[in-house]
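Examination of the molecular architecture
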Amino acid sequence: MGRDAGRRLLDRLLADTSATAGVFLTTADPGNVALYQHFGFVTLRRLSVGPLNVATMLRRRTSNP
């Protein structure tokens with residue numbers, strides 16, 4: 001259990017979302033950045049928040065409804 005759960009969750013979220021500007025997220029896990037990039041997210045900014053190094057990411061909407 002849990003194998004590829006992140007990919008399945010993102011597939012569902014991106015298929016079902018109606019966000020007109022796209023989807024914005026943050027992650028403090030550097031291992032997640034490549035996963036999100038695979039789904040079309042780009043890193044907007046990296047910043048330090050206390051002991052965490054946080055990446056802010058955006059995936060723009062790719063099609064019209």
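It should be noted that the structure appears before, not after, this text.
Within each chain, residues carry numbers counting from 1 in the order of the written sequence. Where totals are concerned, whole chains, interfaces and linings use all residues; where local detail is concerned, this predicted model gives features only for residues with pLDDT of at least 70, and gives and counts side-chain atom pairs only at 80 or more. Heavy atoms throughout the structure, all of them, feed into the side-chain values; hydrogens and water do not.

**Comments concerning the side chain of Arg-59**
By the criteria applied, helices consist of DSSP H or I runs no shorter than four residues and strands consist of E runs no shorter than two, each listed in order from the N terminus. With respect to the helices and strands, the residue Arg-59 is situated in strand E3 (residues 52-59). Relative accessibility under 20% of the residue-type maximum defines a buried residue, over 50% an exposed one, and the middle range a partly exposed one, all with a 1.4 Å probe and only protein chains included. The convention is simple: Lys and Arg are positive, Asp and Glu are negative, and His and the chain ends are not counted. By convention in these notes, a salt bridge is any Lys or Arg side-chain nitrogen within 4 Å of a carboxyl oxygen on Asp or Glu. Of the buried charged residues, Arg-59 lacks a salt bridge, with Asp-11 as the closest side chain of opposite charge at 8.1 Å. Setting aside anything within four residues of it in sequence, one finds Arg-59 in contact with Leu-14, Gly-22, Val-23, Phe-39, Gly-40 and Phe-41. In this analysis, two residues are considered to be in contact whenever any of their non-hydrogen atoms come within 4.5 Å of each other.

**Focus: a nonpolar patch on the surface**
There is a patch of nonpolar side chains on the surface, built from Phe-24, Val-42 and Leu-44 and spanning about 300 Å² of accessible area. Among the structural elements, Val-42 can be located in strand E2 (residues 42-49). Val-42 gets classed as partly exposed once you look at its relative accessible area, which sits at 46%. For patch detection, residues must exceed 30% relative accessible area and be free of salt bridges, and they are connected within 9 Å for like charges or within 5 Å for nonpolar side chains (Val, Leu, Ile, Met, Phe, Trp, Tyr). Surface exposure here means Shrake-Rupley accessible area, sampled with a 1.4 Å probe, where a residue is shielded only by the protein chains that are shown.

**Brief notes about the pairing of E3**
Moving residue by residue along a regular strand, the side chains alternate between the two faces of the sheet. Here E3 lies mainly inside the structure; six of its eight residues are buried. For two strands to be treated as a pair, DSSP must find no fewer than two bridges joining them. Here strand E1 (residues 23-27) runs beside E3; their pairing, made up of five bridges, is antiparallel. Across the sheet, the residue bridging to Thr-27 is Ala-55, located in E3. Bridge analysis of E2 against E3 gives seven bridges, and the strand direction is antiparallel. Each residue of the ladder has a partner; that of Leu-47, found in E3, is Val-54. Taken together, E2 and the strand that follows it, E3, pair antiparallel across an intervening segment of two residues, in which Gly-50 is found at a positive phi of about 60°.

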